[in-house]
Amino acid sequence: MYTPDPDRYADMPYRRTGRSGLKLPALSLGLWHNFGPDRPAETQGAILRRAFDLGVTHFDLANNYGPPPGAAESALGDALKADFTHHRDELIVSTKAGYLMWPGPYGEWGSRKYLLSSLDQSLGRLGLDYVDIFYSHRPDPETPLEETMGALHSAVQQGKALYVGVSNYSAEQTREAARILAELGTPLLIHQPRYSMLDRRPEDEGLLDTLDELRVGSIAYSPLEQGLLTGRYLDGIPEDSRAASDSPFLSADTVTEELVGRLRTLNEIAASRGQSLAQLALAWVLRGGRVTSALIGASSPRQLEDSVAAIGNLEFGEDELARIDEVVKQ
C-alpha cells in the first residue's frame, strides 16, 4: 500500500488562484501525454505517486487526452482507486471538454448538451463524484457564450464541479466569459493558455493583463514548448524525439539550425543559474507570480523530479530577463 511522504508539503510553493480561496502548487502535473494503454500502468502510477510526494497536488486532464480519447482519465481513475482513496481531499483534479470526443453533432465544441454529457462521462472514467475544476477547452464560434458558460454554471450547481475555467480563450472572450459567469453567480476561477519563453502570445495579446485586472488565475500549458525547451534538441533532432515522429504537436521543420542556436544560448543562461534548460523555462513562466501554476508532463519519475527542481530558483535579475528576451526575440 502506498504511503505518501510525510514531508510532501515542505518545499512546494502554493499560490492563490486569482481572488479565490484555492491554492495550486507552482507546478502541476498534466496528463496530456504519457497516460494511456501504450504506457506501462506501473510507470504511470509511479509518476503520480512521486508527484504527490513532491507536493504536486494538482492533476490536470481533458476528456480527449490519451490516446485513445478518455484513456488518461481512465488511467488516473485506476490510480486514484489504487493509491489515493484516502487522499482525495488533498488533490485537485481538473478536466475539460471542447475538442472532438465522439462522432456526431453533439461530440465537440461548447453546447450545453456536449459539455454536461462529457462531464458525466469524465466522472465515470475517473471514478469520482466531482472534479475540482471543469473547463471549457476552447471557445465555440457558433454556440452563444451564454450557453457555454451556463453549462459550466450548471456543473457547479449540480455538485459535479467545484470551480470552472476556460482554456484557449482570447482576452476579449475571457472578459465576456467572466462577466456572464459573474452574473450567474459562479466566478471564473482560472484560464489555461499556452505560454512559454518561445510563445509569448498571452503577454503580447493582453491576456495576462486581462487576468490580472479580473483577478482570475492562470495555469500555463506547454511551458517547455513540446520539449523544445529541454536539453533534447541542443544537438538537433534525436531519432526517438517527438519532432522525429508523426506528432501533430511538433514537426521536424520547426527545429531549424537558427532555433537550435538560440536553445544552446538559453542553455548557457540556465547553466549560469545552476539549472537545466527545462528548469530555466519553468522558472521563467513562474517568474514574478503572474502565473499561478505551470503544467509539466513526465514520462518517468526521474523526469518529473528534474522539472520540480525548478522551484529551487524562481528569481530572475533584470539582466537575466533582458538576456533571455534578446535571445528569444532576435
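Going by the structure above, here's the rest.
Read on for an overview of the structure. (Residues numbered from 1 in each chain as written. Predicted model: local features only at pLDDT ≥ 70, side-chain atom pairs only at ≥ 80, totals over all residues. Heavy atoms only, no water.)

Describing the sheet that holds strand β9 (residues 217-220)
One closed barrel holds the eight strands; their spatial order is β3-β4-β5-β6-β7-β8-β9-β10, and the pairing between them is parallel. Neighbour-to-neighbour, the strand axes of the sheet open up by a mean angle of 30°, direction not taken into account. Pairing geometry for β9 and strand β10 (residues 293-296), over two bridges, is parallel. Looking at β10, one finds that A220 is bridged to A294. Sitting on the sheet, helix α4 (residues 145-157) is in contact with β6 (131-136) and β7 (161-167), with an inclination near 155° to β7. (Pairing = 2+ DSSP bridges. Helix = DSSP H or I, 4+ residues; strand = E, 2+ residues; numbered from the N terminus. Axes fitted to C-alpha atoms, helices over the stretch in contact; angles between N-to-C directions. Contact = heavy atoms within 4.5 Å.)

So, the packing of α4 against helix α5 (residues 171-184)
It is at 9 Å that the axes of α4 and α5 come closest, and there the two elements cross at 55°. By the angle between their axes, α4 is oblique relative to α5. As α4 packs across α5, the resulting crossing turns out to be right-handed. Listed contacts from α5 to L145, E146, M149, G150 and H153 of α4 are Q173, E176, A177, R179, I180, L181 and L184. Taken together, the residues of the contact of α4 with α5 break down into six nonpolar, three polar and three charged. (Parallel < 35°, antiparallel > 145°, perpendicular 65-115°, else oblique. Left-handed = near helix turned anticlockwise from the far one by under 90°. Nonpolar A, V, L, I, M, F, W, Y, C, P; charged D, E, K, R; others polar.)

Things to note about the pattern of salt bridges
Across all of its chains, the model carries 23 salt bridges by this definition. Between D132 and R88 there is a salt bridge, with the nearest N and O atoms lying 2.9 Å from each other. Within this pair, whereas D132 is found in strand β6, its partner R88 is found in the loop between α2 (71-83) and β5 (92-97), the two being separated by 44 residues in sequence. Like D132, the residue R88 is buried in the burial classification. One salt bridge connects R138 with E108, and the closest N-O pair in it is separated by 2.8 Å. Of the two residues, R138 sits in the loop between β6 and α4 while E108 sits in the loop between β5 and α3 (112-126), which places them 30 residues apart along the sequence. (Salt bridge = Lys/Arg side-chain N within 4 Å of Asp/Glu carboxyl O. Buried < 20%, exposed > 50% of the residue type's maximum accessible area, 1.4 Å probe, protein only.)

Some thoughts on unusual backbone geometry
With an omega of 0°, the peptide bond between G66 and P67 qualifies as cis. In this fold, P67 is placed in the loop between β4 (58-60) and α2. At the junction of P67 and P68, the peptide bond is cis and its omega measures out at -10° in the coordinates. Note on placement: P68 falls in the loop between β4 and α2. In this model, R215 sits at a positive phi of 60°, which is unusual for a non-glycine residue. With respect to the secondary-structure elements, R215 resides in the loop between α7 (207-214) and β9. The exposed category is assigned to R215, whose relative accessible area is 52%.

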